[in-house]
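Chain by chain, the residues:
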Amino acid sequence: MSEPVVSPSNNGHSTPFVELDRAVWASLAPSTRLPLRETEVVQLRGLGEPLDINEVKDVYLPLSRLLNLYAAGARRLHRDTSDFLGERAQRTPFVIGVAGSVAVGKSTIARLLRELLARWEDTPRVELVTTDGFLFPNAELARRGLMERKGFPESYDRRALLRFVSAIKSGATEVRAPFYSHLSYDIVPDAEVIVRQPDILIVEGLNVLQPPVASHGLAVSDLFDFTIYVDARTSDISRWYEERFLGLQRGAFTNPKSFFHRFSELSEDEARARARTIWGTINEPNLLQNIRPTRSRATLVLRKASDHTVDKVLLRKV
């Protein structure tokens, strides 16, 4: 087996990450059995993403094994610390953060990891929560003049998200989160997501790796046990976003109840132009100003090639 190589950074200094190409990464968990069928993989993948069984075997199966090892290590440390303090503290969930741009595939990765991690005997209860539920309602965003900055850090109720993850980490019996509808593009009043003491909680969102803001001493990223950043070239993500927009225009946008129903009658050229405008005025600035700068805070970076497949994995040195 090839030895993983620590790649130097562009400025000649060593990096805090070990960089492994896909073949080396795939060889790290050779005896781990794939618990998913190909039909299940197809059901998990997002619009326009070519996720297949080989990608799951090569990339996400070894990642699930690594996460299982980290979770087991965290439980041992928690137990040893409790013994040291003379306490009988209850086990608390292992929390994973998944970050990355719009259209980079992070939602699919989060769903896939939920299914893989739930197959491990010691973590059967795995929950997934997206930060969309912690966006301010559209009426509040409009009041604050933030509708064109939806997805930027300031468009989220960060205090509510911090309280939610803090309650999960404290071992609360039941914790509730707001529910977000992608159809109405808004928070649904009186609807909730209920999380009840999972073994693992996955929190997926654009800006989950943000550091604390100046006036607060704690960020939600401080409560994560392991973090993943899904990376790709900006030009590739822009193209994926455009193709996804066209797919949605032919699908979900045709529903009269969709917030974006007005786009369903656009010609292909008009739809592409609209997608490029949205990307250039909202999603790309958010990526460059807020999301990508948090990449170095991740425990692990999945770097995607132009065909949407992962070709390199960067793991922070322990």
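Below you will find a few notes about this structure. (Residues numbered from 1 in each chain as written. Predicted model: local features only at pLDDT ≥ 70, side-chain atom pairs only at ≥ 80, totals over all residues. Heavy atoms only, no water.)

On to the nonpolar core. Among the nonpolar cores identified, the biggest contains 88 residues, and Tyr60, Ile96, Phe164, Ile202, Leu300 and Leu302 are the most heavily contacted of them. When residues of this core are assigned to their parent elements, the largest contribution, 9 residues, is made by helix H3 (residues 53–85). The residues contacting leucine 302, other than those within four sequence positions of it, are Val59, Tyr60, Leu63, Ile109, Ile228, Tyr229, Val230, Asp231, Val310, Lys312 and Val313. (Core = buried A, V, L, I, M, F, W, Y, C linked by side-chain atoms within 4.5 Å. Buried < 20%, exposed > 50% of the residue type's maximum accessible area, 1.4 Å probe, protein only. Helix = DSSP H or I, 4+ residues; strand = E, 2+ residues; numbered from the N terminus. Contact = heavy atoms within 4.5 Å.)

On to the environment of lysine 317. Among the secondary structure elements, lysine 317 is positioned in the segment after strand E9 (310–316). Judged by its relative accessible area of 41%, lysine 317 falls in the partly exposed class. Between the C-alpha atoms of lysine 317 and serine 14, which are 303 residues apart in sequence, the distance is 11 Å. One polar contact links the side chain of lysine 317 to the main-chain carbonyl oxygen of threonine 15, over a distance of 3.0 Å. (Polar contact = N/O pair within 3.5 Å; in protein donor to acceptor, adjacent residues only side chain to side chain.)

With that out of the way, let us pick up helix H7 (residues 234–250). Owing to its 3.6 residues per turn, the α-helix brings residues three or four apart onto one side. Between its first and last C-alpha, H7 extends 25 Å over 17 residues, near the 24 Å set by a 1.5 Å rise per residue. Where H7 is concerned, the buried positions are Thr234, Asp236, Ile237, Trp240, Tyr241, Glu242, Phe245, Leu246, Gly247 and Gln249. Packed against the buried residues of H7 are helix H8 (268–291) and strand E8 (300–304). (Expected span 1.5 Å × (residues − 1).)

Spatial strand order, E1-E9-E8-E7-E2-E6-E3: 7 strands in an open sheet with mixed pairing. Looking at which strands have only one partner, the edges of the open sheet turn out to be strand E1 (17–21) and strand E3 (126–130). Adjacent strand axes in the sheet meet at a mean angle of 20 degrees, parallel and antiparallel pairs treated alike. The pairing of strand E2 (residues 94–100) with strand E6 (residues 200–204) spans 5 bridges and is parallel. Bridge assignment links phenylalanine 94 to a residue of E6, and that residue is isoleucine 200. With respect to the sheet, helix H4 (residues 106–117) is in contact with E2, E3, E6, strand E7 (226–231) and E8, its orientation differing from that of E6 by roughly 175 degrees. (Pairing = 2+ DSSP bridges. Axes fitted to C-alpha atoms, helices over the stretch in contact; angles between N-to-C directions.)

The next thing to look at is the side chain of aspartate 231. Position of aspartate 231 relative to the elements: it lies in strand E7. A distance of 2.8 Å separates a polar atom in the side chain of aspartate 231 from a polar atom in the side chain of arginine 295. The contact partners of aspartate 231, leaving out residues within four places of it in the chain, are Val104, Arg292, Arg295, Val301, Leu302, Arg303 and Lys304.

You will see that tyrosine 185, though not glycine, has its phi angle at about 60 degrees, which is positive. Mapping tyrosine 185 onto the fold places it in the loop between strand E4 (175–181) and strand E5 (186–195). Its identity is not glycine, yet glutamine 197 carries a phi of approximately 45 degrees, on the positive side. Tracing the sequence through the fold places glutamine 197 in the loop between E5 and E6.

One way to put it is that H7 packs onto H8 with a least axis distance of 9 Å and a crossing angle of 135 degrees. Viewed along their axes, H7 and H8 adopt a mutual orientation that is oblique. Two packed elements cross with a definite hand, and for H7 against H8 that hand is right-handed. The segment H7 lies against H8, with Thr234, Ile237, Ser238, Tyr241, Glu242, Glu243, Phe245, Leu246 and Gln249 engaging Glu268, Ala271, Arg272, Arg274, Ala275, Arg276, Ile278, Trp279, Asn283, Glu284, Leu287 and Leu288. (Parallel < 35°, antiparallel > 145°, perpendicular 65-115°, else oblique. Left-handed = near helix turned anticlockwise from the far one by under 90°.)

Turning to the packing of aromatic side chains, a few remarks are in order. Per the counting criterion, the structure on display carries 13 aromatic pairs. Ring centres of tyrosine 70 and phenylalanine 226 lie 4.8 Å apart, and the angle between their planes is 85 degrees; on these two criteria the pair is classed as edge-to-face. Taken together, the positions of tyrosine 70 in helix H3 and phenylalanine 226 in strand E7 put the pair 156 residues apart, joining distant regions of the chain. A relative accessible area of 24% means that tyrosine 70 is categorised as partly exposed. Take phenylalanine 226: its relative accessible area is 0%, and that puts it in the buried class. The cationic tip of arginine 144 hangs over the ring face of phenylalanine 136; the distance from NZ or CZ to the ring centre is 4.1 Å. A cation over a ring is seen here: lysine 150 above tyrosine 185, with NZ or CZ 3.6 Å from the ring centre. (Phe/Tyr/Trp six-rings, centres within 6.5 Å; stacked < 30°, edge-to-face > 60°. Lys NZ or Arg CZ within 6 Å of the ring centre and 35° of its normal.)

Time to look at the pattern of salt bridges. Inspection of the entire model under this criterion finds 24 salt bridges. The partner of glutamate 174 in a salt bridge is arginine 176, with the nearest N and O atoms 2.8 Å apart. What makes glutamate 174 partly exposed here is its relative accessible area of 35%. A relative accessible area of 42% places arginine 176 in the partly exposed class. The salt bridge involving arginine 196 is made with glutamate 174; its shortest N-O contact spans 3.0 Å. Of this pair, arginine 196 sits in the loop between E5 and E6 while glutamate 174 is found in the loop between helix H6 (158–169) and E4, placing the two residues 22 residues apart along the sequence. Connected through salt bridges with shared partners, the residues Glu242, Glu243, Glu268, Arg272 and Arg276 form a single ionic network. (Salt bridge = Lys/Arg side-chain N within 4 Å of Asp/Glu carboxyl O.)

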